[in-house]
Each structure stands twice: as C-alpha cells, then as structure tokens.
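Here's the letter readout for the chains.
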Amino acid sequence: MIAAQAKLVYQLNKYYNERCQTRKAAIAKTIREVCKVVSDVLKEVEVQEPRFISSLSEIEARYEGMEVISPNEFEVVLYLNQMGVFNFVDDGSLPGCAVLKLSDGRKRSMSLWVEFITASGYLSARKIRSRFQTLVAQAVDKCSYRDVVKMVADTSEVKLRIRERYVVQITPAFKCTGIWPRSAAQWPMPHIPWPGPNRVAEVKAEGFNLLSKECYSLTGKQSSAESDAWVLQFGEAENRLLMGGCRKKCLSVLKTLRDRHLELPGQPLYNYHMKTLLLYECEKHPRETDWDESCLGDRLNGILLQLISCLQCRRCPHYFLPNLDLFQGKPHSALEAAAKQTWRLAREILTNAKSLDKL
C-alpha cells in the first residue's frame, strides 16, 4: 500500500514538473501578451474618463488583478476608488450578491459616482458597467492594438476578443477590507479546526471584492434592483487559505487535468470549481501533516471523487457562500459528461499511477 502511494506521488511530481510547469509557462506567456493589449485599451479609457484607473500591475512577474478562467479565457478586475459614502448591504436575498446604498445623511453630490446612483440611493453595478462598456468600445477603436482586438457583442459584460484566440473580461470592482459579509458569517464552521483562529483573522482582514458582473444566481430573472447588485468575490482570501503544504501543487495538477481532459461542450467545469473543492478538502483534512508532499496522491484522489459526487448531484456550493450553487445554469448533459470523464480520470490514476505519463 505504502509502495503504491509512493509510486503515485513520484508520478504526480513528474507530472507536475513536466505537464503543470509547461502549462504555467504557456499561460504566463499568454498573460503577458494579453496584458499588453488590455493595458493599452485601459490607458485610452483613463484618458476619456479618469475615474476608471487601470489597476493592472506587474508584481514579480505576476499580474495583480488578473484571473485565469481557462487557458484562453481571463478576467481582469479593475478596482474603482471611493466606495466610502456607501453602506454595504448584504441581507442574503440575492445569493452571492450585495448592494451598495448611499449612507444616511450623505448627499449624492459627495460621491464620485453620482450619476450611477439610483432614485432609491443604490449605486448601480449595471449602470457603471454600461458606461464602462461604452468607454472600452471607443478605446478599442483608438488603441494601438486595434487590428487584433475587438469587443465581444451580445453581452452586458465588458469582454474583449484578442487575436481571435483569447477572451478577456474586464470587470469594474470595489475592494472591501476590514468587513466581512453577513452571508459568509457561517465561516469558519465552529466544529472544524481548519484553518485556525490566526489564519481566519488574516483572511477576514483581507476582505473581499464587489464585482460589477452578471450573477450566477440571477440569470433569467433580473429585476432592476437585482441588476444594480454587485457580485461577491473572495479571490485573495481563498489564495491566502491555500498557502502551505502541497495545496498549491495539488491545485496546479487539478487545473492541468481540467485543461487537458475536462474542457467539454457546455463548459461545465472551470478552474474555480477545482479551487473550491480543494478548499473543502482542506476542511476534511485539517492537520498540516495531511498536506505533506507524501499525501499529494491521497488529496488529489479525494478531490476527484468529491468532484464526481458534486457533478452527479448537480450541485457545487461556493466555499464561503454555501447558498450559491456554482453549477447553477449549467446544462445537465454537460455535468453528466464531466462526471463520466472525471470518473475515467480518477480510475486511471488510482489503478495505474504510470497512466499519468499519458494524461
């Protein structure tokens, strides 16, 4: 048993050094290419409208604010200034979303975003996005990369298609630090020892983002109040939780397997589903020794089996917001196909570690 485990860990490390590192290098190259174009477009936007300042910056060869959805799909978060005059209202009525309401006694004119405040005093995510979309469309025509970039039509999101190969969504957002959403108040569960009080305090201080984008849970039933809502996002908090042990390596293997074998019609699975299930696995195995390099095979198998279970039940709860289902709106046939394919992968890896050479 121990020999089989050691063999699997050896093969996984080989897989990580060959396949995962190759994937990382390819994506890093794509990101550099894509960010040049996006930066140029955002520079043009800033000239027209100084309130939209590009927050895309390169720090130690990593682009801050750039999220990889899949090898050809990216999201850039554009942080906006001055949320101060608004109260964050999160009453759970819109899963995964919250609203920003003008604080009592504050005049609209005190806000930098005065023309995007609705009659009832809400800062409208949709109105800001609509204005931003117009500015980006104009910037695309003027920027120096206009021959290789165009706007993606038929969506309220701001999406660029670059060199006919990559799609980048640019999402206006506010950073919220020092507060924690009420809809995530159940985290951490009192009976689960991970991640421990110090890390919890760090994560909560890190805060979350409010994004102006279409929400999973609202598609198909957008009333005006709902389209004014902002989507909660916890990227920084999640990354902080995945520090230490073989967690990041495990995520890298999962992403590589997804890119190579689970990029299926109907797009049932993204990297974010893998990250979410890895966080749940951390709760199931709270001891740091459970994340020693020698346990990589066990953790990976656990996550793949959990993924099959989620796909079969057609439900994958968000880690911080369990009322939000990350499979909402996904075609059942796509989830079924992904379950079968994940089962094939898990069986291959479990029964024959050497099969990783071919995966």
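Residues numbered from 1 in each chain as written. Predicted model: local features only at pLDDT ≥ 70, side-chain atom pairs only at ≥ 80, totals over all residues. Heavy atoms only, no water.

**Q** Give me the overall build of the protein: which residues, what numbers.
**A** Within the protein, the secondary structure is distributed over nine helices and eleven strands. When the backbone C-alpha atoms are referred to their principal axes, the protein occupies close to 70 × 50 × 40 Å. Among the 359 residues that make up the protein, the fraction classed as buried is 50%. A separation of at least 24 residues holds for 69% of the contacts in the protein among residues at least 6 apart in sequence. Roughly 16800 Å² of accessible area belongs to the protein as shown, and the carbon and sulfur atoms make up 52% of that amount. Here the protein carries 51 positive and 41 negative side-chain charges, and the mean point of each set is 2 Å from the other. (Helix = DSSP H or I, 4+ residues; strand = E, 2+ residues; numbered from the N terminus. Buried < 20%, exposed > 50% of the residue type's maximum accessible area, 1.4 Å probe, protein only. Contact = heavy atoms within 4.5 Å. Areas by Shrake-Rupley, 256 points an atom, 1.4 Å probe, with all protein chains shown as cover. Lys, Arg positive; Asp, Glu negative; His and termini not counted. Charge placed at Lys NZ, Arg CZ, Asp CG, Glu CD.)

**Q** Tell me what's going on with the nonpolar core, and back it up with residues and numbers.
**A** Counting 105 residues, the largest nonpolar core has V38, L123 and F320 as its most contacted members. A total of 14 residues in this core trace back to one element, the largest contributor, which is helix α1 (residues 2-48). Once residues lying within four places of it in the same chain are set aside, the contact partners of L123 are F86, L100, W113, F116, I117, I128, F174, D228 and W230. Grouped together as the second largest cluster of nonpolar side chains are nine residues, V77, V99, C215 and V231 included. (Core = buried A, V, L, I, M, F, W, Y, C linked by side-chain atoms within 4.5 Å.)

**Q** An account of the UniProt feature "domain: Mab-21-like HhH/H2TH-like" (unreviewed entry) in the protein is needed here, citing residue identities and associated values.
**A** UniProt feature "domain: Mab-21-like HhH/H2TH-like" (unreviewed entry): in the numbering of this structure it lies at residues 246-343. Within residues 246-343, the helical portion is 60% and the strand portion 0%, while the C-alpha atoms at the span's ends are 23 Å from each other. (UniProt positions renumbered as here; feature names shortened; annotations may be inferred.)

**Q** A description of the pattern of salt bridges should follow, citing residues and the corresponding values.
**A** Applying the stated criterion across every chain yields a total of 23 salt bridges. Ionic pairing is found between R163 and E33, a salt bridge with its closest N-O pair at 2.7 Å. A residue pair is termed long-range when its members are at least 10 positions apart, and R163 in the loop between β8 (159-162) and β9 (166-176) and E33 in helix α1 qualify at 130 residues. Judged by relative accessible area, which is 33%, R163 ranks as partly exposed. For E33, a relative accessible area of 22% gives the class partly exposed. One salt bridge connects R287 with D290, and the closest N-O pair in it is separated by 3.5 Å. Put simply, R23, R258, D259 and E263 are held in one network by salt bridges that share partners. (Salt bridge = Lys/Arg side-chain N within 4 Å of Asp/Glu carboxyl O.)

**Q** Tell me what's going on with the packing of helix α7 (residues 271-284) against helix α8 (residues 296-313), and back it up with residues and numbers.
**A** To characterise two packed helices, one gives the angle between the axes of the helices and the distance between these axes. Direction vectors running N to C along α7 and α8 enclose 120°, while the axes themselves pass 10 Å from each other. The two elements α7 and α8 cross, and the hand of that crossing is right-handed. Residues M274, L277, L278, E281 and K284 of α7 lie in contact with α8, whose contacting residues are D298, R299, G302, I303, Q306, L307 and C310. Per-class residue counts for the contact of α7 with α8 are six nonpolar, two polar and four charged. (Axes fitted to C-alpha atoms, helices over the stretch in contact; angles between N-to-C directions. Left-handed = near helix turned anticlockwise from the far one by under 90°. Nonpolar A, V, L, I, M, F, W, Y, C, P; charged D, E, K, R; others polar.)

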